[in-house]
Protein chains: 2
Amino acid sequence: MAASPTASPATLHDVAREAGVSLATASRSLNGSTRKVNDEYRQRVLAAAARLNYSPNFSAQAVAKGSTSTVALLVSDIADPYFSSIAAGVIRAAETQGLIVTMAVTERSTERELELVRALRGQRPRVMILTGSRSDGSESQAALVAELKAFAATGGRVVLISQEGLPFSTVVVDNYLGARALANSLVGQGYRRFAAIGGARTLVTSRDRLAGFADGLAEHGIAIHPDHIVRGEFTRDGGFAAATELLADGIGQIDLVFAVSDVMAIGAMSAFREAGIVVPRDIAVAGFDDIDTARDVTPALTTVHIPLADLGQQAVELALSDAALSSDEVIRVETRVVLRASSPQL
Amino acid sequence: MAASPTASPATLHDVAREAGVSLATASRSLNGSTRKVNDEYRQRVLAAAARLNYSPNFSAQAVAKGSTSTVALLVSDIADPYFSSIAAGVIRAAETQGLIVTMAVTERSTERELELVRALRGQRPRVMILTGSRSDGSESQAALVAELKAFAATGGRVVLISQEGLPFSTVVVDNYLGARALANSLVGQGYRRFAAIGGARTLVTSRDRLAGFADGLAEHGIAIHPDHIVRGEFTRDGGFAAATELLADGIGQIDLVFAVSDVMAIGAMSAFREAGIVVPRDIAVAGFDDIDTARDVTPALTTVHIPLADLGQQAVELALSDAALSSDEVIRVETRVVLRASSPQL
DNA sequence: CTGTTAGCGCGTTCAA
DNA sequence: TTGAACGCGCTAACAG
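Analysis parameters
Residues numbered from 1 in each chain as written. Chains lettered and ligands numbered in written order. Predicted model: local features only at pLDDT ≥ 70, side-chain atom pairs only at ≥ 80, totals over all residues. Heavy atoms only, no water. Axes fitted to C-alpha atoms, helices over the stretch in contact; angles between N-to-C directions. Helix = DSSP H or I, 4+ residues; strand = E, 2+ residues; numbered from the N terminus. Parallel < 35°, antiparallel > 145°, perpendicular 65-115°, else oblique. Contact = heavy atoms within 4.5 Å. Near = heavy atom within 4 Å. Polar contact = N/O pair within 3.5 Å; in protein donor to acceptor, adjacent residues only side chain to side chain. Nonpolar A, V, L, I, M, F, W, Y, C, P; charged D, E, K, R; others polar. Domains from an automatic or database assignment. Buried area = accessible area lost by both parts, 1.4 Å probe. Salt bridge = Lys/Arg side-chain N within 4 Å of Asp/Glu carboxyl O.

Residue and element names in this part refer to chain B. As a packed pair, helix α2 (residues 23-30) and helix α3 (residues 39-52) sit with axes 9 Å apart at the nearest point and diverge in direction by 85°. Considered as vectors, α2 and α3 are oriented roughly perpendicular to each other. For the pair α2 and α3, contact is made by T25, A26, S29 and L30 and by Y41, R42, V45, L46 and A49, respectively.

What follows is the structure, given as structure tokens:
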């Protein structure tokens, strides 16, 4: 057991020599597409490889073959359950295809996202998957599209998870329709006076959900007073802060507050609790996404279900399918309203 | 805009030609360590690279240099907030070092973990980080150590996050002490009759926490009746099921139930809620880990704080430091009892 | 400071 | 079926 502190890994060349065969034969035995190698040689090579603890060098394979087996995934924040659930789906799907997943975090910055895409291109991933809401009006947007186009032009597959609008294949969540359905259900539950907690105005996801919700209410002749729409970061703390703001204005005339994401809704619920406001007795709450913890908070959170892990899985499959070549394939996933204890029948 | 469907990416060679310089000069301008190239040439190269939308091929760089810039991270389940928080720390630390993170999921299977380590070696990552509790008694354990040793012998750095015991550098959480401190605090709160929800017997983390908790109680002459220790999977559903089991036996004589992880504790709380048991009025609950949602459930969960993101960050730093060469460096992170509303003073 | 050249580890054609 | 030789994109000596 006296290996030198830093020997180099055994190479295919070493294995070939150890097995007494040629480099080509070794290569064919270890990876070679079809069985075109004498079984005796084959065994010899396998044995030699095991003896030397050989592990193929993916980088070398990639240069030689001109293609890799990696999927690059960009998320806003991996600690956010929304993204980690999607990531789980991506990883699961990738692994069944023998693909390795590399991950990077944009921290919700479009500039950072651009940088990362640029950097990740160096990996020559087979697939690049971008999650997180698009925010328009950003100058980086055009540059991002250009960068992704350049990647796609050289054989890379790009898939976005969020909303359509960019010229790439996309797994789309119908935020508008989901929010509208939610509004309808809540009115059905007897709610009439609403407030809303949104994200930044430029965030398309936030906007779509707010619009859908408003339109759903409008069908019943209900409107949200502009003063009752507060905004915050698209995070738990953002929801907490927004709810606090809402409280400062007084919530006496509000039945239910709709937060555009579960994470924000849960932050809001904590703010209410700390202020001594009891949900749903004093005010009801609803969110969007149906993250795992939505059912574990008390009261359980009414929300719009999105099959998050499926989103990730479908993104991988879409990317690998030839449909992705068309560069504008769209998969639309269904949402579903989930009524829970945070918005009981009135 | 009529790029052929699948052109190949521009190579350094293309850039050099476009700029009218040699390959070496192009290489030096684009990456070359220090400024050893005439600024005019340099600009020409940069311009050419931009024009051709050049992106360096990491794989080729890796082959040429004999080293990569990737960190491989293995987690049990990325959708679990415990792991996703650690992953966030790993990614953050890696990115500041210009390293790319590749991630794989073991699904809590030791066999799968072994397979993945074997596969990931092909990446020749600079660092391999394994998180998740060790479970002893598994046959794969020895094979895993062998595989990791082989990796380390060829210059790879290995860091584990969990408990010591394996011959690699480790970021250790003092589960035993944390649980003992928790037990003491809870007795201080007035609790006397306890139940516990644990994971599989072979899971070291679960065992350590249970042991620490029991010893902490023992200091006060308190013991947990064996019938009041139930086990389940180390997941939310595992906690839910275990709590259900507990309920079936009757919890009339129990003040507080300690779950060995927050995720299980939260599952248990949901089970209680669905059974009409009110926490903490009917029974108090405590967990371990202090995941983000621990403060957002109602009542907020008493737990033992672990700086999860720091764990990941420190793992990367430990791996990169020369201390990791010694192969048995240990960083011990502090835990801290956090008393919340789920275990009020009696 | 620049260009030439020899590898890096591997896949794959092409003869044998 | 096997092996020799070339090339993948790039870095790092080495000479100029």
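Our focus in this paragraph is the protein's contact with DNA strand C. A:L12, A:Y54, B:T25, B:R28 and B:N38 are the nearest of the 26 residues found near DNA strand C. Within 4 Å of the protein, atoms of DNA strand C come from sugar and phosphate in 69% of cases. Between DNA strand C and A:Y54 there is a distance of 2.6 Å, counted from a phosphate oxygen to a side-chain nitrogen or oxygen. Taking B:S22, its main chain carries an N or O atom lying 3.2 Å from a phosphate oxygen of DNA strand C. Elements with a contribution of two residues or more to the surface near DNA strand C: α2 (23-30) and α4 (58-65) of chain A together with α2 and α4 (58-65) of chain B. Of the residues forming the surface near DNA strand C, the biggest block, 5 residues, is contributed by α4(A). Among the residues forming the surface near DNA strand C, the class breakdown is 13 nonpolar, 8 polar and 5 charged.

What follows concerns the domain arrangement of chain A. What the domain assignment lists for chain A is domain 1 (1-50), domain 2 (68-173 + 309-334) and domain 3 (175-306). Taking only C-alpha atoms into account, the centre of domain 1 of chain A sits 61 Å from that of domain 3 of chain A.

Each side of the interface is counted separately: chain B has 59 residues, and chain A has 59 residues. For the pairing of chain B and chain A, the buried interface totals around 4500 Å² over both sides, and the portion due to carbon and sulfur atoms is 50%. Looking only at chain B, the three residues that lose the most surface to chain A are B:R124, B:R273 and B:D296, adding up to 13% of its buried area. Linking chain B to chain A there are 6 salt bridges. When the shortest N-O distance is used, the salt bridge between A:R112 and B:E95 registers 2.9 Å. On inspection of chain B and its partner chain A, the count reaches 27 residue pairs in polar contact (both at pLDDT 80 or more).

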